[in-house]
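Listed below, chain by chain, are the residues.
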Amino acid sequence: MENTIKNKRIMTYIRLCFVLVISCLSRMAIYYAQHIAYGYDFDLTYHLIKSVIVCAVCFFIYIFVSRYSYRITDKHHLIIGCTGAVIVFGLMVLKSTLLRIDVAVLSSILGYIYAAVPFLQVIVICSLAKLLQYICKEKSVLKTVLFIVSSMLFLSMSDNIFRMILLIAFGTVYISSLKNKSITSKTVKALIGIILILLLVGEIYELGYAVGDYIKMFDEPGYMTVIARNTWSEAKTFGSIVNSTFVGGDIGDYAILWLISYIGIVPAVMVVLLSIVSLLFVVLNNKTIDTESNAFRCVALSYIIVCTIFATLINCGVILSGFFTQMPTLPDTVAGMMSIFFLAGLNNRRNICS
């Protein structure tokens, strides 16, 4: 048994290191592709140091969460979820006001705080999913009310991507509770069901509206849609495109475009597949995970799947207004990388602690 757990732990470490290596190499390849296309400065030493620091922080988060999340998430999910939702709500309400501050030091600090908001949102979703799992099993009017209020506050200030992640994660936890017949209160059952249906209708409307806009503009596409179409049409199976100025856009949102412009379609697609499959193995391949961690697994899978689908659409030129996101780890923002390793830690805590 000990050898089995040790082997699983080693395999998880290998997969996560593999993901980090792919992320670092793809980031440097993209920056170098920008250098070739537009003459942007490319400092290899700087990018290497930054990559090492980000990797170290991500691995620290993974180890910390793997070892101590039992003590934190299981006991304090109510406090973390409610407090985090209030903080996210407050930051989003005050965003335009705070970001206008001209004091250099404060502006820099606020910039880092807002850059970290997506990581905080992932923590909040995990805590609220755990709280939902709890109130489905235990009758608690106070916790049910706090769950609903916190969820509404969070949803009111979140973008479509995070709302969709929350919807899928909550829906999966709720349906699982229905299948297991573990919902003890008919009132909770009906109330949560109504909230999820309303959220689903809202997201379908938002997505339908975005798709409708895209269809209307199909023959008169926007700037980045044209860039994406040109890049794919000029890209080679292997190797760099002849005219590298075809590609453009932010490296976070359009990472795949930059990669195919520099290394070709097949290598870029393989890099994406290997990275995502490795992440899915980390989340799904833990056979010893306890039923209490199902909420975390739902959040992790929702996050990876939703971000992968919409990031792929964006990089194929299907620009849906309000549904922008980065491809997980390829190369992602620092907050996105931290989110992935946080979720990986939550879903492997049994293996690490055993």
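Everything that follows concerns the structure shown earlier in this document.
Chains are numbered independently. Their residues run from 1 in the order of the written sequence. Totals for whole chains, interfaces and linings use every residue, but because this is a predicted model, local features are given only for residues with pLDDT of at least 70 and side-chain atom pairs only at 80 or more, for both listing and counting. Only hydrogens and water are removed before side-chain values are computed, so all heavy atoms of the structure are retained for them.

Draft legend 1. Seen up close, the overall build of the protein chain. Only DSSP runs of H or I with at least four residues qualify as helices, and only runs of E with at least two residues qualify as strands; both kinds are numbered from the N terminus onward. Across its full length, the protein chain holds 14 helices and 0 strands. Scanning the protein chain from its N terminus toward the C terminus, one meets helices and strands in the order α-α-α-α-α-α-α-α-α-α-α-α-α-α. Its C-alpha atoms put the protein chain at 65 × 55 × 45 Å along the principal axes. Only heavy atoms matter for contacts: two residues are in contact if any of them lie within 4.5 Å across the pair. Here the analysis covers contacts within the protein chain between residues at least 6 apart in sequence; of these, 77% occur between residues at least 24 apart. Method for areas: the Shrake-Rupley scheme with a 1.4 Å probe, in which residue coverage is limited to the protein chains shown. Of the accessible surface of the protein chain, which amounts to about 17,200 Å², a share of 69% is contributed by carbon and sulfur atoms.

Draft legend 2. Broad picture of the environment of Phe 238. Inspection of the secondary structure assignment puts Phe 238 in the loop between α9 (223-234) and α10 (255-263). With a 1.4 Å probe rolled over the protein chains alone, any residue whose accessible area is under 20% of its type maximum counts as buried; one over 50% counts as exposed, and the rest are partly exposed. The exposed category is assigned to Phe 238, whose relative accessible area is 56%. If we ignore the near neighbours within four places in the chain, the residues touching Phe 238 are Ile 263, Gly 264, Val 266 and Pro 267.

Draft legend 3. Representation of the packing of aromatic side chains in the model. Stacked, tilted and edge-to-face are the three classes applied to pairs of Phe, Tyr and Trp rings, where Trp contributes its six-membered ring and a pair requires centres within 6.5 Å; stacked means planes under 30 degrees apart, edge-to-face means over 60, and tilted covers the rest. The tally for this structure, following the rule as stated, stands at 12 aromatic pairs. Taken together, a centroid distance of 6.1 Å and an interplanar angle of 25 degrees make the contact between Phe 60 and Phe 64 stacked. Here Phe 60 pairs with Phe 64, and both are found in helix α2 (residues 44-93), just 4 residues apart, close to one helical turn. Between Phe 64 and Tyr 68, the aromatic rings sit 5.2 Å apart at their centres with planes inclined by 50 degrees, giving tilted as the arrangement. Residue Phe 64 and its partner Tyr 68 are located together in helix α2, separated by 4 residues, close to a single helical turn.

Draft legend 4. Structural view of the side chain of His 77. Structurally, His 77 can be placed in helix α2. Apart from the residues within four sequence positions on either side, His 77 is in contact with Ile 72, Ser 127, Lys 130, Leu 131 and Tyr 134.

Draft legend 5. Expanded view of the nonpolar core. Only buried residues count toward a nonpolar core, which is a set of Ala, Val, Leu, Ile, Met, Phe, Trp, Tyr and Cys residues joined through side-chain atoms within 4.5 Å. Membership of the largest hydrophobic core comes to 102 residues, with the highest contact counts inside it found for Phe 147, Phe 341 and Phe 342. When near neighbours in sequence (up to four residues on either side) are disregarded, Phe 341 contacts Leu 16, Leu 20, Cys 58, Phe 59, Ile 61 and Tyr 62.

Draft legend 6. Representation of the packing of helix α5 (residues 117-137) against helix α7 (residues 160-179) in the model. Axis lines are fitted through C-alpha atoms, for helices just across the contact stretch, and the angle between N-to-C directions can take any value from 0 to 180 degrees. Running from N to C, α5 and α7 point in directions that differ by 20 degrees, and their axes come no closer than 10 Å. The angle between the axes of α5 and α7 places the two elements in the roughly parallel class. The crossing of α5 and α7 is right-handed. Touching Pro 118, Gln 121, Val 122, Ile 125, Leu 128, Ala 129, Leu 132, Gln 133 and Cys 136 of α5 are Phe 162, Ile 165, Leu 166, Phe 170, Val 173 and Ser 177, all from α7. Put simply, Ala, Val, Leu, Ile, Met, Phe, Trp, Tyr, Cys and Pro go in the nonpolar bin, Asp, Glu, Lys and Arg in the charged bin, and everything else, Gly too, in the polar bin. Partitioning the contact of α5 with α7 into residue classes produces 12 nonpolar, 3 polar and no charged. In this scheme, roughly parallel covers angles under 35 degrees and roughly antiparallel covers those over 145, while 65 to 115 is roughly perpendicular and the rest are oblique. Take the far helix as the reference: if the near one is turned anticlockwise from it by less than a right angle, the crossing is left-handed, and if turned clockwise, right-handed.

Draft legend 7. Highlighting the pattern of salt bridges. When a carboxyl oxygen of Asp or Glu is within 4 Å of a side-chain nitrogen of Lys or Arg, the pair counts as a salt bridge. For the structure on display, the rule yields 1 salt bridge. With its nearest N and O atoms 3.3 Å apart, the salt bridge here joins Glu 203 to Arg 163. Of this pair, Glu 203 sits in helix α8 (residues 186-216) while Arg 163 sits in helix α7, and the two are 40 residues apart along the sequence. Arg 163 shares its class with Glu 203; the two are buried.

Draft legend 8. Structural view of unusual backbone geometry. Phi at Thr 329 is positive, roughly 70 degrees, even though this residue is not glycine. Following the sequence through the fold, Thr 329 ends up in the loop between α12 (294-315) and α13 (334-346). For Thr 329, a relative accessible area of 0% gives the class buried.

Draft legend 9. Representation of helix α6 (residues 141-156) in the model. In a regular helix each residue adds 1.5 Å, so 16 residues correspond to 22 Å; α6 covers 23 Å between its end C-alpha atoms and thus fits that length. Those residues of α6 that sit buried are Lys 143, Thr 144, Phe 147, Ile 148, Ser 150, Ser 151, Phe 154 and Leu 155. What a helix should span is 1.5 Å times the count of its residues minus one.

Draft legend 10. Seen up close, the environment of Pro 328. Locating Pro 328 in the fold gives a position in the loop between α12 and α13. A relative accessible area of 1% means that Pro 328 is categorised as buried. Along the backbone, Pro 328 and Tyr 303 are 25 residues apart, and their C-alpha atoms lie at a distance of 8.8 Å. Setting aside residues up to four positions removed in sequence, Pro 328 forms contacts with Ser 275, Ile 276, Leu 279, Ile 304, Cys 307, Thr 308 and Ile 340.

Keep in mind these values describe shape, not function.
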